[in-house]
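# Descriptive analysis of the structure
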Amino acid sequence: MEKFDQKLLRGNKEWVAQKNSEDSNYFKMLSQSQHPLALWIGCSDSRVPPNEVTKTHPGELFVQRNIANMVIHTDVNLLSVLDYSVNILGVTHVIVCGHYGCGGIKAAMSNMSFGLLDNWLRNIKDVYLLHQKELDGISDHTVRERRLVELNVIEQVRNVCKTSIIQNAWKLQKHPHVHGWVDDISNGLIKDLEISVRSNEDMHKIYKYDL
Ligand code: CO
């Protein structure tokens, strides 16, 4: 039986052949530059591939993924991606996209220890605590879990907005707009939480920077 790594390389060759047959200049054009209009911050989960679920092509989305689509202000990887995409690539949208059935959210709601990962999941437990009253009021575990997925996206959108990177961009160019979405992996549809933010007007003053 073909090993999985060989299947991936074969798949790549087939994809290249298909692209070249559609447009013989495809890779020449792609290799020259990229002009993505959005930064996608999503979960590492294999069931939410950003380009596929949004029917976009290589070059259209700049992507950062981690467990449970977290925006943690000490994560130099995420901050570098955010800074580069906003200030160099000039993306006009930042999308935080979570998904129902997220293993990171499930794990954070449990009392199980997962070793090193506990430290990452701690940030989700903190989100729970911020919304404890609402969440503890939901008796059905699945409904509570789905709501935490949504609230976690909302808090990560806020975390994006709290960065001086975004607040500075808003001051200089009125962009980007920051959106919160949730992918429902049971039917493939993305739900817009309709919490898009484009200024720091409604932000608590402690997070506002004089720029
Ligand atoms: Co997930």
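If you're wondering where the values come from, they're calculated on a predicted model, not measured in any experiment. (Residues numbered from 1 in each chain as written. Predicted model: local features only at pLDDT ≥ 70, side-chain atom pairs only at ≥ 80, totals over all residues. Heavy atoms only, no water.)

## Examining the layout of surface pockets
Applicable threshold: Cavities and pockets were defined on a 1 Å grid built from protein atoms only: a cavity is a group of points that admits a 1.4 Å probe but offers it no way out, a pocket is an open group of points flanked by protein on both sides within 12 Å along at least five of seven lines, and a lining residue is one with an atom within 4 Å of any such point. Grid points are joined across faces, edges and corners, and a volume is the space filled by probe spheres set on the points. The way it works is that DSSP assigns letters per residue, a run of H or I at least four long becomes a helix, a run of E at least two long becomes a strand, and they are numbered from the N terminus. Each residue is assigned to one of three groups, with Ala, Val, Leu, Ile, Met, Phe, Trp, Tyr, Cys and Pro labelled nonpolar, Asp, Glu, Lys and Arg labelled charged, and all others, Gly among them, labelled polar.
By volume, the largest pocket is sized at about 430 Å³. Around the largest pocket sit 17 residues that line it, and Val71, Ile72, His73, Asn159 and Lys162 are the ones nearest its centre. Contributions of two or more residues to the lining of the largest pocket are made by α6 (117-130) and α8 (141-162). Taken together, 17 residues form the lining of the second largest pocket, with Arg158, Cys161, Val197, Asp202 and Met203 sitting closest to its centre. Looking at the lining of the second largest pocket element by element, the count peaks at six residues for α8. Looking at side-chain class alone, the lining of the second largest pocket contains eight nonpolar, three polar and six charged residues.

## Looking at the domain arrangement of the protein
Which entries qualify depends on this criterion: Boundaries of every domain are those given by an automatic assignment or by a domain database.
Along its sequence, the protein is organised into domain 1 (1-32) and domain 2 (35-200). Computed over C-alpha atoms only, the centres of domain 1 and domain 2 are separated by 30 Å.

## Some thoughts on the environment of Ile138
Our working rule: Only heavy atoms enter the contact rule, under which two residues are in contact if any of them lie within 4.5 Å.
Topologically, Ile138 is positioned in the loop between α7 (132-136) and α8. A C-alpha to C-alpha distance of 28 Å links Ile138 and Cys161, two positions 23 residues apart in sequence. When neighbours within four sequence positions are excluded, Ile138 is seen to be in contact with Val143, Arg144 and Arg147.

## Looking at the coordination of the cobalt ion
Heads up, the condition is: Coordinating N, O and S atoms are those within 2.8 Å of the metal (3.2 Å for Na, K and Ca), and as water is not part of the atoms, a site may appear to have fewer donors than expected.
Surrounding the cobalt ion are the protein donor atoms Cys43 (SG), His99 (NE2) and Cys102 (SG), at 2.0 to 2.3 Å. Within one chain, the residues serving as donors to the cobalt ion are arranged as C-x55-H-x2-C. Pair noted here: Cys43 is in strand β1 (residues 38-43) and His99 is in strand β3 (residues 93-99), with a separation of 56 residues, a long-range link.

## Section: the state of the cysteines
We count it as follows: Two cysteine sulfur atoms make up a disulfide if the distance between them is within 2.5 Å.
Within this structure, the stated rule accounts for zero disulfides. The structure places no disulfide on Cys161, whose sulfur is separated from the nearest cysteine sulfur, that of Cys97, by 16 Å.

## Structural notes on unusual backbone geometry
With an omega dihedral of 0 degrees, the bond running from His175 to Pro176 counts as a cis peptide bond. Positive phi outside glycine occurs at Lys55, with the angle close to 50 degrees. A positive phi angle, close to 40 degrees, is found at Asn69, a residue other than glycine. With respect to the element layout, Asn69 can be found in the loop between β2 (61-66) and α4 (76-88).

## Concerning the environment of Val91
Inspection of the secondary structure assignment puts Val91 in the loop between α4 and β3. With 56 residues separating them in the primary sequence, Val91 and His35 have C-alpha atoms 8.1 Å apart. Look past the residues within four positions of Val91 in its chain and what remains in contact with it is Pro36, Leu37, Ala38, Leu39, Ser85, Val86 and Pro176.

## As for the pattern of salt bridges
Quick reminder of the rule: Definition used for salt bridges: Asp or Glu carboxyl oxygen within 4 Å of a side-chain nitrogen of Lys or Arg.
Enumeration according to the criterion identifies 11 salt bridges in this entry. One salt bridge in this structure joins Asp126 and Arg122, with 3.5 Å as the shortest N-O distance. Placement of both Asp126 and Arg122 in helix α6 is noted, with a separation of four residues, approximately one turn of the helix. By sharing partners, the salt bridges in this structure join Glu134, Arg147, Glu150 and Lys191 into a single network.

## Notes on the sheet that holds β3
What counts, and what does not: Criterion used throughout: strands pair if DSSP finds at least two bridges between them. To obtain each axis, a line is fitted to C-alpha atoms, and for helices this fit is confined to the stretch in contact; angles are then taken between N-to-C directions over 0 to 180 degrees.
As summarised here, the arrangement of the five strands in space is β2-β1-β3-β4-β5, forming an open sheet in which the pairing is mixed. The sheet is open, and its two edges are formed by β2 and β5 (190-192), each paired on a single side. For this sheet the average axis-to-axis angle between neighbouring strands, irrespective of direction, equals 25 degrees. In terms of strand pairing, β1 meets β3 through five bridges, oriented parallel. Paired with Ile41 across the two strands is Val96, which belongs to β3.

## Details of the pairing of β3
Rules: For the exposure calls, accessible area comes from a 1.4 Å probe over protein chains only, and a residue counts as buried if that area is under 20% of its type's maximum, exposed if over 50%, partly exposed in between.
Burial within β3 is extensive, with six of its seven residues counted as buried. Bridge count for β3 against strand β4 (residues 177-183) is seven bridges, and the pairing is parallel. The residue bridging His99 from the neighbouring strand is Asp183, located in β4.

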